[in-house]
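Structural overview
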Amino acid sequence: MQLKRIIVVIVACLSSAFFCIYTIPIHRSYLAEIEINADDLITYRTLLDTTNWNRWYKHNDQTFQAIPHTISIIPDKQKKKFAYVLHENENEIREGGIQIIKSNRWNSKIKWTEKLVFEKDIQQKLKLLFHPEEFRSVFLQNVIQFKSHIEHPDNIFGGIAFERRNIPAKKLVILSDTASASDIEAKANELHQFIINSVPEKYLVQKDIYISQHEIFNDTLAYIRVGVSVSEDLFTVKAPLDIRDTEDHSAIVMYIEKGYTEINEDISIMYEWLKKNDARPSTGFWIEHTPSTAIAQNDVKHPLTIIQEFYSIK
C-alpha cells in the first residue's frame, strides 16, 4: 500500500512537472559586445535592411528565412538602438536589442542582447534549461556573421545592392553650367535639350538617355555637367559644347529611391563599399537619366541610377 502511494506521488509530481514545462514558457538571455570595422551609419543601415538578414542571421546551421515581425527604432539621445522580435514559428520567439555604444569614422562598438523563448516544444525547453550553451553558440555565430557581413561585403552593403558593370569605350558630348541649387533637375534637362538640338541627329547614339553630374556649392548655387553619347565619327563640336572619348572601364551601379538632395548617405556607403573591395573611385559619380527619371524627388518605380567608375588597387 505504501509503495502504491509512493508511485502515485511520483507520477503526480512528474505529471505536474511535465504540465509546467509544457505550459510555462522557458527563456534565456544572451549578451555580446563586439567591435566592427565600420561607422555607425553602415552598422545601423545594415540592421535596417531586414530583407537581407538571411545573409548573416542563421539558426541551427540553416538560413533563418523569417523577416522580423516587429521592428522598433528606439532613439537614445545620440546613440542608436535597434529592437526586434523574430518568430520562426508559434513555438519559438527571439527578442533582441542592439545598441551602438561607441563609434568613430573607422569603427563601431555594439552591445547585442537576445532573449530566446520557447512556448511549447518540451525537447527544446529541456535543452534550453540544461544545455543553454548550445543556443549561446548560435547567438554568437550570428553576431560574428553580422560583423563579417559588414567587414567583407558582397554585393549587398549598408542596405544597398551594388551591381558591377563593364562600361565600353564611347564618345560623349559634354555641356556644363551653373544653376540654382533648387533647380538642378530643370537645368539638367535644359542642358540635355541644348545638346540634342545642337548635334545632328545622325550622330546621337541615345537621344533620350543622358548622364549628369552635379556639385552643390552652397544653399543657392550648384554646378551641373551633362553628357550625351554620340557616334565615333563625330569629331568636333562648337563651343560651349565639349567632346570627350572614354576608354573601357569598370563601374558599380546602385539604384536609389531618393531625390538627388538626399543621396549623400548612400554615396558615402558606396565609397566605403569600394574601399572594402580594394577599389577607389576614378571620377565623380554619374546619374543616368531616362524619360521617366525625376531626380529631384523620391520615386520607388523609377529610382535614380548611380554609376561610379572605379579602379582596383590590388
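Calculation rules
- Residues numbered from 1 in each chain as written.
- Predicted model: local features only at pLDDT ≥ 70, side-chain atom pairs only at ≥ 80, totals over all residues.
- Heavy atoms only, no water.
- Phe/Tyr/Trp six-rings, centres within 6.5 Å; stacked < 30°, edge-to-face > 60°.
- Helix = DSSP H or I, 4+ residues; strand = E, 2+ residues; numbered from the N terminus.
- Buried < 20%, exposed > 50% of the residue type's maximum accessible area, 1.4 Å probe, protein only.
- Salt bridge = Lys/Arg side-chain N within 4 Å of Asp/Glu carboxyl O.
- Patch = residues over 30% accessible without salt bridge, like charges linked within 9 Å, V, L, I, M, F, W, Y side chains within 5 Å.
- Areas by Shrake-Rupley, 256 points an atom, 1.4 Å probe, with all protein chains shown as cover.
- 1 Å grid on protein atoms, 1.4 Å probe; cavity = no way out; pocket = protein on both sides within 12 Å on 5 of 7 lines; lining within 4 Å.
- Points joined across faces, edges and corners; volume = space filled by probe spheres on them.
- Nonpolar A, V, L, I, M, F, W, Y, C, P; charged D, E, K, R; others polar.
- Pairing = 2+ DSSP bridges.
- pLDDT = per-residue confidence, 0-100.
- Contact = heavy atoms within 4.5 Å.
- Polar contact = N/O pair within 3.5 Å; in protein donor to acceptor, adjacent residues only side chain to side chain.

Right, let's get into the packing of aromatic side chains. The description of an aromatic ring pair uses the distance of the two centres, along with the angle that the planes make with each other. If you walk through the whole model with that rule in mind, you get 13 aromatic pairs. Residues tyrosine 30 and phenylalanine 139 carry aromatic rings whose centres are separated by 6.1 Å and whose planes lie at 25° to one another, so their mutual orientation is stacked. Residue tyrosine 30 is located in strand 1 (residues 26–36), and its partner phenylalanine 139 is located in helix 4 (residues 132–151); the two are separated by 109 residues in the primary sequence. By relative accessible area, which is 2% here, phenylalanine 139 ends up buried. Of the aromatic side chains, those joined through ring pairs into one cluster are Tyr30, Trp53, Trp56, Tyr57, Phe82, Tyr84, Trp112, Phe139 and Phe146.

Within the structure shown, the criterion is met by 18 salt bridges. For lysine 127, the salt bridge identified is with glutamate 134, shortest N-O distance 3.9 Å. Lysine 127 sits in the partly exposed class, given a relative accessible area of 27%. A salt bridge links aspartate 177 to lysine 187; the shortest N-O distance between them is 3.0 Å. Here aspartate 177, found in strand 11 (residues 170–180), pairs with lysine 187, found in helix 5 (residues 184–198); they are 10 residues apart in sequence, far enough to count as distant. Residue aspartate 177 is classed as partly exposed on the basis of its relative accessible area, which comes to 31%. Among the ionic contacts, a cluster of salt bridges with common partners joins Arg45, Lys258, Glu265 and Asp266.

A word on a nonpolar patch on the surface. Where nonpolar side chains cluster on the molecular surface, the patch consists of Leu126, Leu129 and Phe130 and spans about 270 Å² of accessible area. Mapped onto the elements, phenylalanine 130 comes out in helix 3 (residues 122–130). Phenylalanine 130 sits in the exposed class, given a relative accessible area of 59%.

Moving on, we come to empty space enclosed by the protein. The final tally for this structure, using the stated rule, is 1 cavity of 30 Å³ or more. The volume enclosed by the largest cavity comes to roughly 30 Å³. In this structure, the largest cavity is lined by Tyr30, Arg94, Glu114, Leu116, Phe135, Val138 and Phe139. At the level of secondary structure, the elements contributing two or more residues to the lining of the largest cavity comprise strand 7 (108–118) and helix 4. The dominant element in the lining of the largest cavity, judged by the number of residues it contributes, is helix 4, at 3 residues. Taken together, the residues of the lining of the largest cavity break down into 5 nonpolar, no polar and 2 charged.

Moving residue by residue along a regular strand, the side chains alternate between the two faces of the sheet. Taken across its 10 residues, strand 13 (residues 221–230) has 7 buried, putting it largely inside the fold. Where strand 11 lies against strand 13, 10 bridges are found, and the strand directions are antiparallel. Paired with lysine 171 across the two strands is valine 230, which belongs to strand 13. Relative to strand 13, strand 12 (residues 210–216) is paired through 6 bridges, and the arrangement is antiparallel. Each bridged residue has a counterpart across the sheet, and for glutamine 213 the counterpart in strand 13 is arginine 225. Taking the residues between adjacent antiparallel strands as the criterion, strand 12 and strand 13 are bridged by 4 residues.

Turning to the confidence of the model for the chain, a few remarks are in order. In low-pLDDT regions, the fine details of the predicted coordinates are not to be read closely. Looking at the chain, the pLDDT average stands at 84 and 82% of residues meet or exceed 70. Across residues 11–17 the pLDDT falls below 50, and counting only partners more than four positions away or on other chains, this stretch makes 0 contacts in the model.

Turning to the side chain of serine 231, a few remarks are in order. With respect to the secondary-structure elements, serine 231 resides in the loop between strand 13 and strand 14 (242–246). A distance of 2.5 Å separates polar atoms of two side chains, one belonging to serine 231 and the other to aspartate 233. Leave out the neighbours within four places in its chain, and serine 231 touches Lys171, Lys202, Tyr203 and Val205.

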